[in-house]
Amino acid sequence: MSANISLNAPPNSTADTLKIGGMTPFSATDYPGMLAAVLFVQGCPWRCGYCHNPHLQPRTQESAIAWSDVLHFLYRRSELIDGVVFSGGEPAIDPALNEAIWSVRKMGFAIGLHSAGIYPRRLAEVLPWVDWVGLDIKAPFDRYEKITGIPDSGKLAQASIDAMLESGIDYEVRTTIHPTLLDEEEIVELASTLASMGVNNYALQLFRTQGCTDDKLKAATTAGYPSADTIARVSKLFPKFTFRKS
Ligand code: SF4
(Lines give C-alpha, C1' and ligand atoms only; values in the text may rest on other atoms or scores of the structure.)
Protein backbone atom coordinates (compact mmCIF):
# COMPACT_ATOMS: atom_id res chain seq x y z
CA MET A 1 0.00 0.00 0.00
CA SER A 2 0.97 3.61 -0.48
CA ALA A 3 3.18 4.73 2.40
CA ASN A 4 3.03 8.53 2.31
CA ILE A 5 -0.39 9.88 1.54
CA SER A 6 -0.62 13.62 1.21
CA LEU A 7 -4.01 14.92 0.16
CA ASN A 8 -4.10 18.66 0.16
CA ALA A 9 -6.45 19.53 -2.67
CA PRO A 10 -10.19 18.95 -2.81
CA PRO A 11 -11.55 16.75 -5.60
CA ASN A 12 -13.71 18.37 -8.24
CA SER A 13 -16.28 15.71 -9.00
CA THR A 14 -18.15 12.89 -7.37
CA ALA A 15 -16.56 9.45 -7.49
CA ASP A 16 -19.87 7.61 -7.50
CA THR A 17 -20.53 8.78 -11.07
CA LEU A 18 -17.43 6.97 -12.36
CA LYS A 19 -18.58 4.62 -15.11
CA ILE A 20 -16.92 1.28 -14.56
CA GLY A 21 -17.17 -1.42 -17.21
CA GLY A 22 -15.60 -4.20 -15.17
CA MET A 23 -13.12 -5.17 -12.49
CA THR A 24 -10.32 -7.69 -12.11
CA PRO A 25 -10.08 -8.50 -8.39
CA PHE A 26 -6.44 -9.62 -8.42
CA SER A 27 -3.72 -8.98 -10.95
CA ALA A 28 0.03 -9.44 -10.67
CA THR A 29 0.72 -8.09 -14.16
CA ASP A 30 -0.98 -4.69 -14.44
CA TYR A 31 1.11 -2.77 -11.90
CA PRO A 32 4.81 -3.68 -11.67
CA GLY A 33 5.72 -5.15 -8.30
CA MET A 34 2.19 -4.86 -6.94
CA LEU A 35 -0.71 -7.20 -6.45
CA ALA A 36 -3.53 -5.01 -7.61
CA ALA A 37 -7.20 -4.83 -8.39
CA VAL A 38 -7.95 -3.36 -11.81
CA LEU A 39 -10.93 -1.09 -12.47
CA PHE A 40 -11.87 -0.74 -16.13
CA VAL A 41 -13.39 2.67 -16.83
CA GLN A 42 -15.84 2.91 -19.73
CA GLY A 43 -15.21 4.98 -22.80
CA CYS A 44 -12.58 5.72 -25.41
CA PRO A 45 -12.88 8.02 -28.45
CA TRP A 46 -10.10 6.28 -30.39
CA ARG A 47 -10.51 3.14 -32.49
CA CYS A 48 -7.26 1.20 -32.50
CA GLY A 49 -7.67 -2.02 -34.50
CA TYR A 50 -5.70 -3.99 -31.92
CA CYS A 51 -7.79 -2.82 -28.94
CA HIS A 52 -8.11 -5.60 -26.35
CA ASN A 53 -11.21 -4.06 -24.80
CA PRO A 54 -13.40 -2.77 -27.66
CA HIS A 55 -16.49 -3.44 -25.53
CA LEU A 56 -15.26 -0.62 -23.27
CA GLN A 57 -15.09 1.98 -26.05
CA PRO A 58 -18.73 3.15 -25.65
CA ARG A 59 -19.96 4.71 -22.43
CA THR A 60 -23.24 3.26 -21.23
CA GLN A 61 -25.96 4.95 -19.25
CA GLU A 62 -25.10 3.14 -16.05
CA SER A 63 -21.91 1.93 -14.44
CA ALA A 64 -21.68 -1.86 -14.54
CA ILE A 65 -20.55 -1.84 -10.90
CA ALA A 66 -21.76 0.67 -8.34
CA TRP A 67 -18.96 2.74 -6.82
CA SER A 68 -20.11 1.80 -3.34
CA ASP A 69 -19.64 -1.88 -4.25
CA VAL A 70 -16.12 -1.14 -5.50
CA LEU A 71 -15.21 0.57 -2.24
CA HIS A 72 -16.77 -2.24 -0.24
CA PHE A 73 -14.76 -4.80 -2.20
CA LEU A 74 -11.55 -2.85 -1.74
CA TYR A 75 -12.18 -2.44 1.96
CA ARG A 76 -12.61 -6.20 2.38
CA ARG A 77 -9.45 -6.94 0.36
CA SER A 78 -7.27 -4.25 1.86
CA GLU A 79 -4.92 -6.77 3.46
CA LEU A 80 -4.58 -8.82 0.26
CA ILE A 81 -3.82 -6.25 -2.41
CA ASP A 82 -1.27 -3.45 -2.53
CA GLY A 83 -2.72 -1.23 -5.20
CA VAL A 84 -5.58 -0.35 -7.51
CA VAL A 85 -5.13 0.27 -11.22
CA PHE A 86 -7.50 2.51 -13.14
CA SER A 87 -7.58 1.17 -16.69
CA GLY A 88 -9.97 1.25 -19.59
CA GLY A 89 -11.02 2.22 -22.16
CA GLU A 90 -9.36 5.50 -21.43
CA PRO A 91 -9.88 6.29 -17.73
CA ALA A 92 -9.07 9.97 -18.19
CA ILE A 93 -12.27 10.35 -20.23
CA ASP A 94 -14.28 10.27 -17.01
CA PRO A 95 -14.79 13.55 -15.13
CA ALA A 96 -15.08 11.56 -11.91
CA LEU A 97 -11.62 10.01 -12.23
CA ASN A 98 -9.95 12.56 -10.00
CA GLU A 99 -12.18 11.95 -7.03
CA ALA A 100 -12.34 8.21 -7.60
CA ILE A 101 -8.56 8.01 -7.44
CA TRP A 102 -8.54 10.28 -4.44
CA SER A 103 -11.07 8.07 -2.60
CA VAL A 104 -9.12 4.89 -3.24
CA ARG A 105 -5.81 6.46 -2.34
CA LYS A 106 -7.31 7.68 0.92
CA MET A 107 -7.93 4.01 1.79
CA GLY A 108 -4.17 3.46 1.63
CA PHE A 109 -3.80 1.77 -1.75
CA ALA A 110 -1.07 2.61 -4.20
CA ILE A 111 -2.59 3.95 -7.42
CA GLY A 112 -1.72 2.79 -10.91
CA LEU A 113 -3.11 4.35 -14.06
CA HIS A 114 -3.24 2.98 -17.59
CA SER A 115 -3.71 5.68 -20.20
CA ALA A 116 -3.21 6.32 -23.89
CA GLY A 117 -2.71 10.01 -23.16
CA ILE A 118 -5.91 11.08 -24.88
CA TYR A 119 -6.74 13.75 -22.31
CA PRO A 120 -3.47 15.44 -21.32
CA ARG A 121 -5.15 18.07 -19.17
CA ARG A 122 -7.05 15.56 -17.04
CA LEU A 123 -4.00 13.35 -16.88
CA ALA A 124 -2.02 16.26 -15.45
CA GLU A 125 -4.82 16.89 -12.92
CA VAL A 126 -4.82 13.36 -11.54
CA LEU A 127 -1.07 12.71 -11.56
CA PRO A 128 -0.56 14.16 -8.04
CA TRP A 129 -2.70 11.30 -6.68
CA VAL A 130 -1.12 8.56 -8.81
CA ASP A 131 1.96 6.47 -7.98
CA TRP A 132 2.64 4.83 -11.34
CA VAL A 133 1.50 5.32 -14.95
CA GLY A 134 1.55 2.88 -17.85
CA LEU A 135 1.34 5.18 -20.87
CA ASP A 136 0.54 3.64 -24.26
CA ILE A 137 2.24 5.45 -27.12
CA LYS A 138 1.18 4.17 -30.48
CA ALA A 139 3.28 5.53 -33.34
CA PRO A 140 5.44 8.45 -34.42
CA PHE A 141 3.24 11.39 -33.50
CA ASP A 142 2.55 12.49 -37.07
CA ARG A 143 1.28 8.99 -37.95
CA TYR A 144 -1.09 8.35 -35.04
CA GLU A 145 -4.17 8.49 -37.21
CA LYS A 146 -3.33 5.23 -38.96
CA ILE A 147 -3.63 3.47 -35.57
CA THR A 148 -6.33 5.50 -33.79
CA GLY A 149 -8.41 6.63 -36.77
CA ILE A 150 -8.42 10.15 -35.33
CA PRO A 151 -6.65 13.10 -37.01
CA ASP A 152 -4.02 14.85 -34.88
CA SER A 153 -4.35 12.34 -32.06
CA GLY A 154 -0.56 12.22 -31.78
CA LYS A 155 -0.49 15.78 -30.45
CA LEU A 156 -2.52 14.69 -27.43
CA ALA A 157 -0.22 11.78 -26.73
CA GLN A 158 2.82 14.03 -27.06
CA ALA A 159 1.35 16.52 -24.57
CA SER A 160 0.60 13.66 -22.18
CA ILE A 161 4.19 12.44 -22.25
CA ASP A 162 5.35 15.95 -21.45
CA ALA A 163 2.92 16.21 -18.51
CA MET A 164 3.94 12.81 -17.20
CA LEU A 165 7.67 13.47 -17.41
CA GLU A 166 7.26 16.89 -15.84
CA SER A 167 5.43 15.35 -12.87
CA GLY A 168 8.37 13.11 -11.99
CA ILE A 169 6.05 10.13 -11.50
CA ASP A 170 7.18 6.52 -11.85
CA TYR A 171 6.07 5.18 -15.23
CA GLU A 172 6.46 2.86 -18.16
CA VAL A 173 5.89 4.06 -21.72
CA ARG A 174 4.88 1.18 -23.94
CA THR A 175 4.04 0.60 -27.57
CA THR A 176 2.04 -2.25 -29.07
CA ILE A 177 3.63 -3.24 -32.35
CA HIS A 178 2.23 -5.04 -35.39
CA PRO A 179 4.03 -5.40 -38.74
CA THR A 180 1.18 -3.90 -40.77
CA LEU A 181 0.98 -0.84 -38.49
CA LEU A 182 4.61 -0.03 -37.65
CA ASP A 183 7.55 -1.10 -39.75
CA GLU A 184 10.98 -1.69 -38.23
CA GLU A 185 12.26 1.80 -39.05
CA GLU A 186 9.17 3.41 -37.55
CA ILE A 187 9.74 1.48 -34.33
CA VAL A 188 13.28 2.83 -34.11
CA GLU A 189 12.13 6.32 -35.11
CA LEU A 190 9.48 6.37 -32.39
CA ALA A 191 11.89 5.02 -29.80
CA SER A 192 14.47 7.67 -30.74
CA THR A 193 11.86 10.41 -30.38
CA LEU A 194 10.79 9.13 -26.98
CA ALA A 195 14.38 8.87 -25.78
CA SER A 196 15.04 12.43 -26.93
CA MET A 197 11.99 13.58 -24.94
CA GLY A 198 13.51 12.09 -21.80
CA VAL A 199 11.68 8.75 -21.56
CA ASN A 200 13.91 6.30 -19.71
CA ASN A 201 11.64 3.28 -19.23
CA TYR A 202 10.22 1.86 -22.44
CA ALA A 203 8.57 -1.39 -23.49
CA LEU A 204 7.64 -2.87 -26.84
CA GLN A 205 4.71 -5.26 -26.71
CA LEU A 206 4.07 -7.56 -29.64
CA PHE A 207 0.44 -7.53 -30.78
CA ARG A 208 -1.78 -10.17 -29.17
CA THR A 209 -4.94 -11.49 -30.74
CA GLN A 210 -6.77 -11.65 -27.39
CA GLY A 211 -9.80 -9.36 -27.48
CA CYS A 212 -8.90 -7.98 -30.92
CA THR A 213 -11.81 -7.79 -33.38
CA ASP A 214 -9.77 -6.84 -36.48
CA ASP A 215 -9.50 -9.99 -38.61
CA LYS A 216 -6.79 -8.54 -40.87
CA LEU A 217 -4.52 -7.85 -37.93
CA LYS A 218 -5.20 -11.27 -36.50
CA ALA A 219 -4.48 -12.98 -39.83
CA ALA A 220 -1.15 -11.27 -40.48
CA THR A 221 1.94 -13.14 -39.38
CA THR A 222 4.23 -11.61 -36.81
CA ALA A 223 6.95 -14.22 -37.30
CA GLY A 224 10.39 -12.64 -37.26
CA TYR A 225 8.99 -9.28 -36.24
CA PRO A 226 10.52 -7.21 -34.88
CA SER A 227 14.02 -8.24 -35.87
CA ALA A 228 16.74 -8.84 -33.30
CA ASP A 229 18.54 -5.84 -34.81
CA THR A 230 15.55 -3.56 -34.18
CA ILE A 231 15.24 -4.75 -30.58
CA ALA A 232 18.97 -4.17 -30.05
CA ARG A 233 18.79 -0.67 -31.55
CA VAL A 234 15.82 0.30 -29.40
CA SER A 235 17.24 -1.29 -26.28
CA LYS A 236 20.36 0.88 -26.51
CA LEU A 237 18.26 4.05 -26.29
CA PHE A 238 16.85 3.49 -22.80
CA PRO A 239 18.27 2.78 -19.34
CA LYS A 240 15.37 0.36 -18.89
CA PHE A 241 13.87 -1.53 -21.81
CA THR A 242 11.50 -4.50 -22.01
CA PHE A 243 10.33 -6.55 -24.96
CA ARG A 244 7.13 -8.51 -24.37
CA LYS A 245 6.05 -11.24 -26.71
CA SER A 246 2.88 -12.11 -24.82
S1 SF4 B 1 -6.74 3.97 -27.04
FE2 SF4 B 1 -6.72 2.04 -25.90
S3 SF4 B 1 -8.85 1.70 -25.26
FE4 SF4 B 1 -8.87 3.29 -26.87
S5 SF4 B 1 -9.26 2.12 -28.75
FE6 SF4 B 1 -7.04 2.37 -28.53
S7 SF4 B 1 -6.35 0.49 -27.49
FE8 SF4 B 1 -8.59 0.64 -27.19
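Cut-offs applied
Residues numbered from 1 in each chain as written. Predicted model: local features only at pLDDT ≥ 70, side-chain atom pairs only at ≥ 80, totals over all residues. Helix = DSSP H or I, 4+ residues; strand = E, 2+ residues; numbered from the N terminus. Rg over C-alpha atoms; globule rule 2.2 N^0.38 Å. Contact = placed C-beta atoms within 7 Å. Pairing = 2+ DSSP bridges. Axes fitted to C-alpha atoms, helices over the stretch in contact; angles between N-to-C directions. Parallel < 35°, antiparallel > 145°, perpendicular 65-115°, else oblique. Nonpolar A, V, L, I, M, F, W, Y, C, P; charged D, E, K, R; others polar. Near = placed C-beta within 6 Å. Buried ≥ 20, exposed ≤ 12 C-beta atoms within 10 Å, placed from the backbone. Right-handed = clockwise from strand over helix to strand, strands pointing away. Core = buried A, V, L, I, M, F, W, Y, C linked by C-beta atoms within 7 Å. Expected span 1.5 Å × (residues − 1).

**Q** Describe in detail the overall build of the chain, supporting the description with residues and values.
**A** Within the chain one finds 8 helices and 8 strands. A globule of 246 residues ought to have a C-alpha radius of gyration of about 18 Å, and the chain, at 18 Å, matches this closely. Once local pairs closer than 6 in sequence are excluded, the contacts in the chain between residues at least 24 apart make up 75%.

**Q** Describe unusual backbone geometry, with residues and values.
**A** Residues other than glycine predominantly adopt negative phi, and peptide bonds predominantly adopt the trans conformation. Omega for the peptide link from G88 to G89 comes to 10°, which places this bond in the cis form. By secondary structure assignment, the location of G89 is in the loop between β3 (83-87) and α2 (97-106). Backbone geometry at D152 places phi at a positive 60°, although glycine is not the residue there. Mapped onto the secondary structure, D152 falls in the loop between α4 (145-148) and α5 (153-167).

**Q** Any details on the sheet that holds strand β8 (residues 240-244)? Residues and values, ideally.
**A** Pairing is mixed in the open sheet, where 8 strands are placed in the order β1-β2-β3-β4-β5-β6-β7-β8. Looking at strand neighbours, the two that pair on one side only are β1 (20-27) and β8, the edges of this open sheet. Along the sheet, successive strands turn relative to each other by an average axial angle of 15°, direction set aside. Relative to strand β6 (residues 170-177), strand β5 (residues 132-136) runs parallel, the two sharing 5 bridges. Counterpart to D136 in the pairing with β6 is R174. Packed on one face of the sheet, α5 meets β4 (110-115), β5 and β6 and runs near 160° to β5.

**Q** How would you sum up the packing of helix α6 (residues 184-197) against helix α8 (residues 228-235)? Please name residues and give values.
**A** When two helices pack together, their arrangement is captured by the angle between the axes and the distance separating the axes. Where α6 meets α8, the closest approach of the two axes is 9 Å, and the angle between their N-to-C directions is 5°. What the angle tells us is that α6 and α8 run roughly parallel. For the pair formed by α6 and α8, the contact residues are E184, I187, V188 and A191 on the first element and T230, R233 and V234 on the second. Residues belonging to the contact of α6 with α8 are distributed by class as follows: 4 nonpolar, 1 polar and 2 charged.

**Q** How would you summarise the site of the ligand if you had to cite specific residues and measurements?
**A** In the vicinity of the ligand, the contacting residues are C44, W46, R47, C48, C51, N53, Q57, G88, G89, E90 and A116. Here the residues of the shell around the ligand sort into 5 nonpolar, 4 polar and 2 charged.

**Q** Give a detailed account of the pairing of β5, specifying residues and quantitative values.
**A** Where burial is concerned, most of β5 is hidden: 4 out of the 5 residues are buried. As paired strands, β4 and β5 are joined by 4 bridges and run parallel to one another. Note that in β5 the partner of L113 across the bridge is V133. In this fold, the crossover linking β4 to β5 by way of helix α3 (residues 120-126) has right-handed handedness.

**Q** Account for the nonpolar core, naming residues and giving values.
**A** Counting 66 residues, the largest nonpolar core has L39, V84, L97, I101 and I111 as its most contacted members. At 6 residues, strand β2 (residues 36-41) tops the list of elements feeding residues into this core. Excluding residues within four positions of it along the chain, I101 makes contact with F86, I111, V126, W129 and V130.

**Q** Give me α5: which residues, what numbers.
**A** Given a rise of 1.5 Å per residue, 15 residues ought to cover 21 Å, and the 22 Å separating the end C-alpha atoms of α5 matches this to within 8%. Looking at α5, one finds that the buried residues are S153, G154, L156, A157, S160, I161, A163 and M164. The inward-facing, buried residues of α5 abut β4, α3, β5, α4, β6 and α6. Positive backbone phi, at 75°, marks G168, one or two positions downstream of α5.

**Q** Tell me what's going on with the environment of K146, and back it up with residues and numbers.
**A** Considering the arrangement of structural elements, one finds K146 in helix α4. Of the residues examined, K146 has 12 C-beta atoms within 10 Å and is grouped as exposed. Sequence-distant contacts of K146, defined by excluding residues within four places in its chain, comprise A139 and L181.

**Q** Could you give me a rundown of the environment of T213, with the residues and numbers involved?
**A** Tracing the backbone shows T213 in the loop between β7 (201-206) and α7 (215-219). When the 12 C-beta atoms within 10 Å are taken as the criterion, T213 is described as exposed. The sequence separation of T213 and T180 amounts to 33 residues, and the corresponding C-alpha distance is 15 Å.

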